[in-house]
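A closer look at the structure
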Amino acid sequence: MSPDRRALLLIDLQNDYLARDDLVPPRAVLLERVAELLARCRSNGVPVVHIHTRVAADGSDRMPHQRVNDIWCCVAGTPGADAPEAAFPLKDEPLFTKTVFDPFSNPRLADWLHDNGVEHVLVAGAHTHACVRETALGAYQRGFRVTVVDDAVASYDPLHAELTRRHLDARAMRFVPVVALFSQDSPGQDAPAARVGARCVTAPTYWTHRNPARLSEIVARVSRADASTMDAAVHRANDAQLAWATLPPTARGVVLNRIADAIERQSDAFADMLVRNIGKPLTEARAEVERAIELVHVAVRLFCGAESWHACDRDVRVRRVALGTIAAITPFNHALGIALGKLAPALALGNAVVWKPSPYGATVAERVLDALADSGLPTDLVTLVHGDGATALQLARHPGIAAVSVTASETAGRQLAFVCAADFKPLQAELGGNNAVVVASDADIDAIARDCARAAFGFAGQRCTAGRRILVARDREAELIDALAVATRALVVGEPTDERTEVGPLIDVRARDRIDAVVNRARAEGAGLVCGGAIPNGFEHGAWYAPTLLRGVSPHSAVFLEESFGPIATVTPFASVDEMLALVNAVPQGLIATLYGGDAALRRRFLDATKAGVLKFDCMPSGVHAEAPFGGWKTSGFGPPEHGRWDADFYTRTQAIYGNAPRPD
């Protein structure tokens, strides 16, 4: 028995419950966290209690909603009722069964806990909005202390999961991550848990990041910010913002220009970091640094002019007022560019920022913070906290955060949308793309094949602007596939340090293996392999996967409907304009759509009917202008778009001033 008499209650980790496609986080991520949790509990002497749902073979003890909806889950004796290997009970670990949400409906559970002197239960498993909630409430009502393991629970109903969290939290039931449950882990290295002013806060390591091109090389060990550290980061940013917002816009612009100059002076160092940390090919890494600098200059030019008020009338004026402190949550794939695309306009418009980067980009973020400090940006105006998705949600929930800007997956964005909605916080979310490239009958296929291949496979397809779904007029299908195969095989797959490289590694081995599983599933569903579909010879030392072109892809298949975020492109023919438009709009996402060729009537229909935030005609599917609005429709985005003058719609609120109000300084 552990010194504080804890026990872990592992709820409903069974194959049927984990099979849902809408589980958040998805099965693989949840089981990874559960495996870590189990390892820590077992090594620290914390008893593990497994609780499973068991339904009779005839279904007679199913709950009413299951009978009404003809739901059969976890039927005794079926594989769906079993636990996956990562969560399978050991021989000496008890297993209790139930037929309803509340595991304490089985009286043997409470008896076992009392008999073993347990005072404090840790709760993990599925589902947060139902059985996890009832387990926590049942334990609470019986006098146990309750801690829900925040990153080891999952739900297919994120809204009710968020409401559950708030309900339990208000009743002194803590939500903490796996790493915070045990304090004897070795301290983190290379990247601290947080940067608040000049102070680096260390904590136990929760993330070890390896060079994607050299898996034997550890790039960084990253710590995770705890609640008190995050609280300090938010409060200090709030205090710094009050003075910053009162500065004239021109004064803010001076500081931001110094930041751009500092990034430019270190451009080679930043490019090298992008190569080593995320495997970005060197030429693309240099281009990202240039774009990051450009985004800062755009923010200065648009938002740091002398006049910040707009006169509607002699007695009526309008001004934009900074929101306060923004949570900026950024991904790995553009660790510098996306970050400065958020930081620059937020600061230019008078806000402070608490920045939570991807763990893969932690060391890049640390160097950016050094550049900000060297440029004279006021201390604490940008604070940095490290962590994962659970950290991002915790940051968004903080009462000192006024708004959230995030670039992430649809799953992460959906969770953050519910968190922000509960507190009426503005949210700007860019959530990925599954972009269509349409090749009409009169398109010049030889001229566009290389652009299509580069747009699909550059940076191993790890960008939301990649052109993944290639739709072609049926009479040109064979010709296009031949040209794409030649262009794809001609792409230079190589070391990201080599200037000639066009396709480097994926971010890690898990991403590589996930892509391999996507390809295998697509082939099992009937797709034909044109090229790729394997680890390239000679690149087993990293996370490479060959650019993979699939033909004969059904519009109902997973590889067509879901964003792969890897080096996969699909080719699907269409027979008519109506079919083409249906295929373009057939997926949940709506970020970018491209049309090559077509007469005036086809282009007009494409323009009028395509449901995407960015449309392109006869130009490269990937790449966007620094001053054009960048935002997706449908599940690709939420809230105002990013970039250009549209940033002001998110980072400020308007205020109408009537009468003899004082003029700004």
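Here's what I pulled together on the structure shown here. The residue count restarts for each chain, going from 1 along the sequence in the order it is written. Only residues with pLDDT of at least 70 are given local features in this predicted model, and only at 80 or more are side-chain atom pairs given and counted; all residues enter the totals for whole chains, interfaces and linings. Excluded from the side-chain calculation are hydrogens and water; included are all heavy atoms of the structure.

**Quick notes on the overall build of the chain**
This is how the line gets drawn: Labels follow the DSSP assignment, with helices taken as runs of H or I lasting at least four residues and strands as runs of E lasting at least two, numbered in each case from the N terminus. Computation of the radius of gyration draws on C-alpha atoms, with the globule rule given as 2.2 Å multiplied by the number of residues to the power 0.38. Burial classes follow relative accessibility: with a 1.4 Å probe on protein chains only, a residue under 20% of its type's maximum area counts as buried, one over 50% as exposed, and anything between as partly exposed. Contacts are assigned to residue pairs that have any heavy atoms within 4.5 Å of one another. Using the Shrake-Rupley algorithm and a 1.4 Å probe, accessible areas are obtained, with residue cover drawn only from the displayed protein chains. When charges are counted, Lys and Arg contribute as positive and Asp and Glu as negative, whereas His and the chain ends are disregarded. Note that the charge is assigned to NZ on lysines, CZ on arginines, CG on aspartates and CD on glutamates.
Assigned secondary structure in the chain consists of 21 helices and 29 strands. Computed over C-alpha atoms, the radius of gyration of the chain comes to 26 Å, within 12% of the 26 Å expected from 2.2 N^0.38 for 665 residues, which places it in the range of a compact globule. Over its C-alpha atoms, taken along the principal directions, the chain stretches across nearly 70 × 70 × 50 Å. The buried share of the chain, reckoned over its 665 residues, is 57%. Taking the contacts inside the chain whose residues are at least 6 apart along the sequence as the reference set, 75% of them involve residues at least 24 apart. Total accessible area on the chain stands at roughly 26400 Å², and carbon and sulfur atoms take up 52% of it. Side-chain charges in the chain split into 69 positive and 78 negative, and the spacing between the mean points of these groups amounts to 3 Å.

**Section: the side chain of H398**
Formally: Polar contact is defined as a pair of N or O atoms within 3.5 Å, subject to the rule that within protein one atom must be able to donate a hydrogen and the other to accept it, and that residues adjacent in sequence are counted only when both atoms are side-chain atoms.
Looking at the element boundaries, H398 is found in the loop between α13 (389-397) and β17 (403-407). At 2.6 Å, the side chain of H398 forms a polar contact with the side chain of D231. For H398, the residues in contact, after removing those within four places along its chain, are D231, V234, H235 and K425.

**A look at the sheet that holds strand β13 (residues 316-322)**
Counted only if it meets this: In short, DSSP must find at least two bridges between two strands for them to pair. Think of each axis as a best-fit line through the C-alpha atoms, taken over the contacting stretch in the case of a helix, with angles from 0 to 180 degrees between the N-to-C directions.
If you walk across this open sheet you meet the three strands as β12-β13-β29, and the pairing is antiparallel. In this open sheet, the two edge strands, each paired with only one partner strand, are β12 (309-313) and β29 (652-658). Between one strand axis and the next, the sheet turns through 30° on average, direction left out of account.

**With respect to the pattern of salt bridges**
The condition that has to hold: Note on definitions: salt bridges are taken to be side-chain nitrogens of Lys or Arg within 4 Å of carboxyl oxygens of Asp or Glu.
For the structure shown, the criterion picks out 37 salt bridges. Ionic contacts of the salt-bridge type, sharing partners, join the residues R33, D151, R224 and D388 into one network.

**Side note on empty space enclosed by the protein**
Stated formally: Both cavities and pockets are sets of points on a 1 Å grid over the protein atoms alone; in a cavity a 1.4 Å probe fits but cannot get out, in a pocket the set is open with protein on both sides within 12 Å along at least five of seven lines, and lining residues sit with an atom within 4 Å of a point. Grid points are joined across faces, edges and corners, and a volume is the space filled by probe spheres set on the points. All residues other than Ala, Val, Leu, Ile, Met, Phe, Trp, Tyr, Cys, Pro, Asp, Glu, Lys and Arg, Gly among them, are scored as polar; the first ten of these are nonpolar and the last four charged.
According to the stated counting rule, one finds six cavities of 30 Å³ or more in the structure shown. Size it by volume and the largest cavity reaches roughly 70 Å³. Looking at the lining of the largest cavity, the elements that each hand over two or more residues are β19 (435-439), β24 (589-590) and β25 (592-596). Its residues assigned to classes, the lining of the largest cavity comprises six nonpolar, six polar and two charged. Roughly 50 Å³ of internal volume is contained in the second largest cavity. Considering the residues around the second largest cavity, the lining is formed by L295, V298, A299, F303, G341, P345, A626, H643, G644 and D647. The dominant element in the lining of the second largest cavity, judged by the number of residues it contributes, is helix α10 (residues 282-303), at four residues.

**Comments concerning the packing of α10 against helix α11 (residues 337-348)**
Put simply, the test is: Geometric relationships in this document are graded by angle, where less than 35 degrees denotes roughly parallel, more than 145 denotes roughly antiparallel, 65 to 115 denotes roughly perpendicular, and other angles denote oblique. In this scheme the handedness of a crossing depends on how the near helix is turned from the far one: anticlockwise by less than a right angle means left-handed, clockwise means right-handed.
Running from N to C, α10 and α11 point in directions that differ by 15°, and their axes come no closer than 9 Å. Regarding the angle of α10 to α11, the classification is roughly parallel. The crossing of α10 and α11 is right-handed. Contact residues: α10 offers E288, A292, L295, V296, A299 and F303, while α11 offers G337, L340, G341, A344, P345 and A348.

**Notes on the packing of aromatic side chains**
Rules: Pairing of aromatic side chains requires ring centres within 6.5 Å, counting the rings of Phe and Tyr and the six-membered ring of Trp. Pairs whose planes differ by under 30 degrees are stacked, by over 60 edge-to-face, and all others tilted. Each ring is checked for a lysine NZ or an arginine CZ that lies within 6 Å of its centre and within 35 degrees of its normal; such an atom marks a charge sitting over the ring.
Tallied over the full model, the rule gives five aromatic pairs. On the numbers, 6.2 Å between centres and 90° between planes, the contact of F332 with F565 is edge-to-face. Within this pair, whereas F332 is found in the loop between β14 (325-329) and α11, its partner F565 is found in the loop between α18 (558-561) and β23 (568-574), the two being separated by 233 residues in sequence. The two residues F332 and F565 agree in class, both being buried. Each ring, one from F606 and one from F617, has its centre 5.6 Å from the other, and the planes form 80°; the classification is edge-to-face. Placement of the pair is F606 in helix α20 (residues 600-609) and F617 in strand β26 (residues 614-617), with a sequence separation of 11 residues. Members of the aromatic cluster, each reached through a chain of ring pairs, are F332, Y360 and F565. Across from the ring centre of F459, 4.5 Å away, lies the NZ or CZ of K280, which sits over that ring.

**Here's the deal with the pairing of β25**
By the criterion of burial, β25 is predominantly enclosed, with five of the five residues buried. Going residue by residue along β25, you find I592, T594 and Y596 tucked away on one face and A593 and L595 tucked away on the opposite face as well. Of the pairings in the sheet, the one linking β19 to β25 comprises four bridges and is parallel in character. Paired with V439 across the strands is Y596, a residue of β25. Here four bridges tie β25 to β26, and the two strands are oriented parallel to one another.

**Quick notes on the packing of helix α7 (residues 227-246) against α13**
At their nearest, the axes of α7 and α13 sit 11 Å apart, and the two run at 50° to each other. One finds that α7 runs oblique with respect to α13. In terms of crossing hand, the pair formed by α7 and α13 is right-handed. Where α7 abuts α13, its residues A227, M230 and V234 lie against T391, Q394 and L395. When the residues that make up the contact of α7 with α13 are grouped by side-chain class, the tally is four nonpolar, two polar and no charged.

**Digging into helix α19 (residues 577-584)**
Here is the rule: By construction, the arc corresponds to the directions joining the helix axis to the C-beta atoms.
Of all the residues in α19, the buried ones are M580, L581, L583 and V584. Looking straight down α19, one finds its buried side chains confined to an arc of 160°; they lie on one side. Along its buried surface, α19 packs onto β19, β20 (467-473), α18, β23, β25 and α20.

**Brief notes about the nonpolar core**
Generally speaking, nonpolar side chains in soluble globular proteins are found buried as a group. We apply this condition: For this analysis, a nonpolar core means a set of buried residues of the types Ala, Val, Leu, Ile, Met, Phe, Trp, Tyr and Cys, connected via side-chain atoms within 4.5 Å.
Ranked by size, the top nonpolar core spans 116 residues in total, and within it I263, L336, W355 and L377 carry the most contacts. In terms of residue count, α10 provides more of this core than any other element does, nine residues in total. Residues within four places of W355 in sequence aside, it is in contact with A328, T330, A335, A339, L343, A365, V368, L369, T383, L384 and V385.

**Here we look at α13**
Where burial is concerned, most of α13 is hidden: seven out of the nine residues are buried. Buried within α13 are the following residues: A390, T391, A392, L393, L395, A396 and R397. For α13, the capping residue at the N-terminal end is D388, with a side-chain oxygen 3.2 Å from the backbone nitrogen of A390.

Read these as spatial facts, not as claims about activity.
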